[in-house]
Each structure stands twice: as C-alpha cells, then as structure tokens.
Amino acid sequence: MSVRSAIATWLTRLYFSRLRKKGGSLDLSVLSKLPDGALLPLRREGVDPVPEIGALRDREPVSKLPIPGMTVWLVSGYDQAKDVLGNAKAFSNDFRHLVGVGGAGADQNPGGLGFCDPPDHTRLRRLLTPEFTMRRLSRLTPRIHAIIEEQLVHLEKAAHESPDGTADFVEHFAMPVPALVICELLGVPYEERDAFQQFSVARFDVLGGAGASFGAVSQSLDYLRGVVAEQRRNPGEGLLGMLVREHGDTITDEELTGLADGVLTGGLETTASMIALGTMIMLKDREHFEALRDAADPAAVAAPFVDELLRHLTVVQTAFPRFAREDIEIGGVPIAAGDIVIVSLSAADRDPRLGPDMDAFDPSRPPAASHLAFGYGIHRCIGAELGKMELRAAFPQLVSRFPELSLAVEPSELEFRKLSIVYGVERLPVRVS
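Engineer: What exactly am I supposed to notice about the pattern of salt bridges here?
Structural biologist: Opposite charge on two side chains makes pairing possible when the charged atoms of those side chains draw close. Under the defined criterion, the tally for this structure stands at 24 salt bridges. The salt bridge involving K157 is made with E161; its shortest N-O contact spans 2.7 Å. Taken as a pair, K157 and E161 lie in helix α7 (residues 141-161) at a separation of four residues, close to a single helical turn. In this structure K157 comes out as partly exposed when scored by relative accessible area, which is 43%. A salt bridge links R225 to E254; the shortest N-O distance between them is 2.8 Å. Remark: E254 occurs in helix α13 (residues 253-267) and R225 occurs in helix α11 (residues 209-233); sequence separation between them is 29 residues. When its relative accessible area of 29% is taken as the criterion, R225 is described as partly exposed. Connected through shared salt-bridge partners, D48, R350 and D359 make up one network.

This is how it looks when you write it as structure tokens:
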C-alpha cells in the first residue's frame, strides 16, 4: 500500500502541475505562427472532431494543410487513409525525415516500430509479435483483473477521504491501471511507474511546442536506457527480460530502448484516455452504463461497447507522419516525392461512407468496416489486443463495483486536452455512491 500511496501522491502533483501551466509558462511561439487550418486535425468539441474537419473530409478527403515552407497533406477520408497507411512501399515512417523539423535532433529518435521502415521494422516486429498474441497475453489476465480491483479500492478510498466525497477518476483509476499493466508487461518495478506516466503525458501535448514534445522523448529514452541496462545485467520475467534472454545477441540496447518506448507510447496515455472518456460517455448517458451493469453476460456486452468506443473516440487523433518516397496519387490527388502526409484517424473513423450516422455512439452498430483507432497496415498498434483486454475488463468491473457511480460536475464543466495528439479529459470528478 505504501508504494501505491506514493504513486498517488506523485500523480496528484503531475496533474495539478499540468493544470497550472496551461496558458502560463508554456511556449506557444511555434503554434502562434501556424494558421488555424493547420491545427484542424487536433481540434475537437467535446469528444467530437470539429465540424470543419468533417465538412473538409466530405468535400476534399485529401487536402493541403496551410503550413508555410513545406507541403503537408491532410488525409481525412477512410478509404484514402487506408491507402496511405497500408502502403509502406510508397510512404516512409523513418524518423530521419523529421530531423531538423520542429526542433527534432537525430539523438531524439524514439526508435521502436513506429519510426522505422522495413527491413528493420520487419525484423523488430517479428521479435515482438509472439509476446502480443492472445495466447501469450492471456497470462496477464489475472493480473489485469487484480490491478483493476486494487485501483477501484483506491478510487473509493480517495472519494471517502475527500471533503466533498468526490475523486478524480483520471488520477485514481484511468491512469494507474494501464501504467501498472505496462510495468507488468515489461517487467519494470511498480515503483518506477511514475516516470513512465510523466514521459507519456508530456510527449503528446502540442501546447508545449514541438521542442517540448521532443524533449520529453529524450527524457523518456534516457530513463529507459537505464531500465534496459539493468535488464541486460539481470533479465527479468517481462518482455524486456525475454528479449534479452532469447535475442540478446541480435538486438542492440538502442533497439530495446526504442521497443520499450514504443510500448510506453502506445499503451499508457492512449488506454488511460479511453478508460476516462469511455466512463464519461457512460455517465452522461446512463442507458449505456445500465446496459453493462445489468447484463447477464457483461463480457458479451463489453466487447461491442469497447469496439464502438474505440471507433467513436479514436483518441490517437493522427497517425505518425508519413513521407512520400515517390510520386503517387491518393484519392485522385497527386502527391510528390518528399511531401509529408498526415492522416486524421478521428475524421476517417467518422466517414459517412462507412454507414449511417457515424457521428453517433451506437454499440449496437453492425461492424461495417474495421476502424482505424489502432492504425492500419504494418504499423497497426502491436498492443491492440492488450488494450482491448484492459478496456473489456475495466468497464464491467467498474460498473459492478460502483452501480451508482456518477459525475460530480456538470458535463459542460469538464476540461479536455487542447491540441494533443492523444485526446483526453484532464480531470473526471466522480462520486462512487
């Protein structure tokens, strides 16, 4: 309990620090020079992409972003997004294309799967894939359920000890659950969880400017190099220890660091945002909450509920930037070699060509096409199944433990992230009874 108490204290400091910094000491100089249209893919109204990007998608699914000095294309249509994400031959993810852009240096390459191309990507993914099959992940199921239960106890305790009987769901549940699961997966001591969370949050916040995001990446990599060095000396039972034992002679420390960073990037902030926003949706519309709470088979209700949440929220708003290797046409629009392509995953997942009323949240919707919340193609999130396991466990356990759970503030009072690649709510005050 002492470790969890220390972690909760750190989380409080982190989130209130973020709130205090908003509009204060943050360097907004980079953003102030960009036209509003350039930031369109990161703007939302509540959980919905702003109407302007939907109108642009319907009118011009491949369009130019107004960014001075470079040619950047925004792809917002579903079919066009899949054409880009699924074509690793024509589009590169290599981080070296970003060096010199927005303050990025060669030493800030996060490595991992997201910022490399075949054949390196093929080799590294082949090493990781066995650990992310459902059969191998199933060994984590008991710990995932135990972690969720522990954090529900912590959430209840925080609410009961609060003068007004409320607790911040983000601090006391949504963020700690995936952080502890990642520690379990990687084989990192729980005491080190706070460092994971700090780096994950900071890197996605565009309000700090590109330099601040890249700085957070550098800090994360420095920290993870130390973790990897310890795993080299004493391989544990987690993912990093397995890679050292089974592939230690064929994988470098920098590659191990990049893979660990990729797990952090893909599995912490994203899952935390999904848990918080999904809970917010349930509490705003009690019909969904009660359907899950009163279900004879909660697992059967949770599966389509989670899948529709993933599509509807698409918390990762844009895919990693792609760089055209060759002249190519997407959706009838010519894109020249060297151009940058940004795919709006959130706009693509609301494309009306996928079905009727795609802006609505409807768990009963028949799956007309696979959503892009985890990306598509060779760079589809390797941890997608782990993320779904956490979500499918978290929501049923939550509504079962707290059948009277409710928002402690009006929905209009909630504060959402501004201009963050991973969208989310800053705080979610709740009452557990």
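And the narrative resumes.
Engineer: Sorry if this is basic, but what is going on with the side chain of T318 here?
Structural biologist: For T318, the position within the fold is in the loop between α16 (298-313) and β7 (322-324). Non-local contacts of T318, meaning those with residues more than four positions away in its chain, are made with P41, L42, I342, V343, S344, L345 and I421.

Engineer: I would appreciate a short explanation of the confidence of the model for the protein chain in the present structure.
Structural biologist: Should the pLDDT be low somewhere, the predicted coordinates at that spot are not to be read in detail. Residues of the protein chain with pLDDT of at least 70 account for 80%, and the chain-wide mean is 83. Predicted confidence for residues 1-32 stays below pLDDT 50, and this span has 45 contacts to residues more than four positions away or in other chains.

Engineer: Is there a simple way to explain the packing of aromatic side chains in this structure?
Structural biologist: This model, assessed by the stated rule, comprises four aromatic pairs. For the ring pair F305 and F361, a centre distance of 5.7 Å and an interplane angle of 85° mean the geometry is edge-to-face. Separated by 56 residues along the polypeptide, F305 in helix α16 and F361 in the loop between α17 (345-348) and α18 (384-401) bring together distant segments of the chain. For the pair F305 and F361, a shared accessibility class is recorded, and that class is buried. Ring geometry for F305 versus F395: centroids 5.5 Å apart, planes at 85°, classification edge-to-face. Here F395 lies in helix α18 and F305 lies in helix α16, a separation of 90 residues in the sequence. A single burial state applies to F305 and to F395, both of which are buried. Each member of the aromatic cluster is reached from another via a ring pair, and the members are F305, F361 and F395. The side chain of R286 reaches across the aromatic face of F289, ending 4.3 Å from its centre.

Engineer: Just to check I follow, could you spell out unusual backbone geometry for this structure?
Structural biologist: Note: most residues except glycine have negative phi, and most peptide bonds are trans. Put simply, P118 and P119 share a cis peptide bond, and its omega is 10°. Tracing the chain through its elements places P119 in the loop between β5 (91-92) and α5 (120-128). Residues other than glycine seldom take positive phi values, yet T314 does so here, at roughly 35°. Along the polypeptide, T314 turns up in the loop between α16 and β7. Given the relative accessible area of 1%, T314 is considered buried.

Engineer: What am I meant to see in the packing of helix α9 (residues 176-186) against α13 here?
Structural biologist: Relative to each other, α9 and α13 sit at 155°, their axes nearing to 10 Å. Accordingly, the angle class assigned to the pair α9 and α13 is roughly antiparallel. By crossing handedness, the relation of α9 to α13 is classed as right-handed. Together, P178, I182, L185 and L186 of α9 and A260, V263, L264 and G267 of α13 make up the contact between the two elements.

Engineer: I tried to follow the sheet that holds strand β4 (residues 72-75) on my own but got confused; where do I start?
Structural biologist: The pairing of strands in a sheet comes from backbone hydrogen bonds and takes either a parallel or an antiparallel form. Taken together, the five strands give an open sheet; going across it, the order is β3-β4-β10-β7-β5, and neighbouring strands pair in mixed fashion. Sheet topology places β3 (62-65) and β5 at the edges, where each strand pairs with a single neighbour. Across four bridges, the pairing between β4 and strand β10 (residues 340-343) is parallel. Of the residues in β10, the one forming a bridge with V72 is I340. Running over the sheet, helix α4 (residues 78-85) touches β3, β4, β5, β7 and β10 and is turned about 130° from β10.

Engineer: Help me out: how do you make sense of the sheet that holds strand β11 (residues 406-407) in this one?
Structural biologist: Reading across the sheet, the three strands line up as β6-β12-β11 and stay open at both edges, with antiparallel pairing between neighbours. Edge positions in the open sheet fall to β6 (167-168) and β11, since each of these has one partner strand only. Note that β11 and strand β12 (residues 429-431) share two bridges and pair antiparallel. Opposite S406, over in β12, you have R431 as the bridge partner.

Engineer: I keep staring at the packing of helix α14 (residues 269-284) against α16 and nothing clicks. Help me out?
Structural biologist: Between α14 and α16, whose axes approach to 11 Å, the crossing angle comes to 105°. As the angle between them shows, α14 and α16 are arranged roughly perpendicular. Contact residues: M274, L277, G278, I281 and M282 in α14; F305, L309, L310, H312 and L313 in α16. A breakdown of the residues in the contact of α14 with α16 according to their chemical character gives eight nonpolar, two polar and no charged.

Engineer: For this particular structure, what's the right way to read the nonpolar core?
Structural biologist: Note that soluble globular proteins tend to have their nonpolar side chains buried in a common cluster. One finds F169, F173, L277 and L428 to be the most contacted residues of the largest nonpolar core, which totals 88 residues. If sequence neighbours within four positions are ignored, F173 has contacts with I148, Q151, L152, L155, I275 and A394.

Engineer: Help me understand α5, please; the structure alone is not making it clear to me.
Structural biologist: It helps to recall that an α-helix has 3.6 residues per turn; residues three or four apart then point in one direction. Within α5 the residues assigned to the buried category are H121, L124, L127 and L128. Seen from one end, α5 has its buried residues packed into an arc of 130°, which puts them on one side. Contacts from the buried residues of α5 go to α12 (239-247) and α13.

What counts as what
Residues numbered from 1 in each chain as written. Predicted model: local features only at pLDDT ≥ 70, side-chain atom pairs only at ≥ 80, totals over all residues. Heavy atoms only, no water. Salt bridge = Lys/Arg side-chain N within 4 Å of Asp/Glu carboxyl O. Helix = DSSP H or I, 4+ residues; strand = E, 2+ residues; numbered from the N terminus. Buried < 20%, exposed > 50% of the residue type's maximum accessible area, 1.4 Å probe, protein only. Contact = heavy atoms within 4.5 Å. pLDDT = per-residue confidence, 0-100. Phe/Tyr/Trp six-rings, centres within 6.5 Å; stacked < 30°, edge-to-face > 60°. Lys NZ or Arg CZ within 6 Å of the ring centre and 35° of its normal. Axes fitted to C-alpha atoms, helices over the stretch in contact; angles between N-to-C directions. Parallel < 35°, antiparallel > 145°, perpendicular 65-115°, else oblique. Left-handed = near helix turned anticlockwise from the far one by under 90°. Pairing = 2+ DSSP bridges. Nonpolar A, V, L, I, M, F, W, Y, C, P; charged D, E, K, R; others polar. Core = buried A, V, L, I, M, F, W, Y, C linked by side-chain atoms within 4.5 Å. Arc of directions from axis to C-beta.

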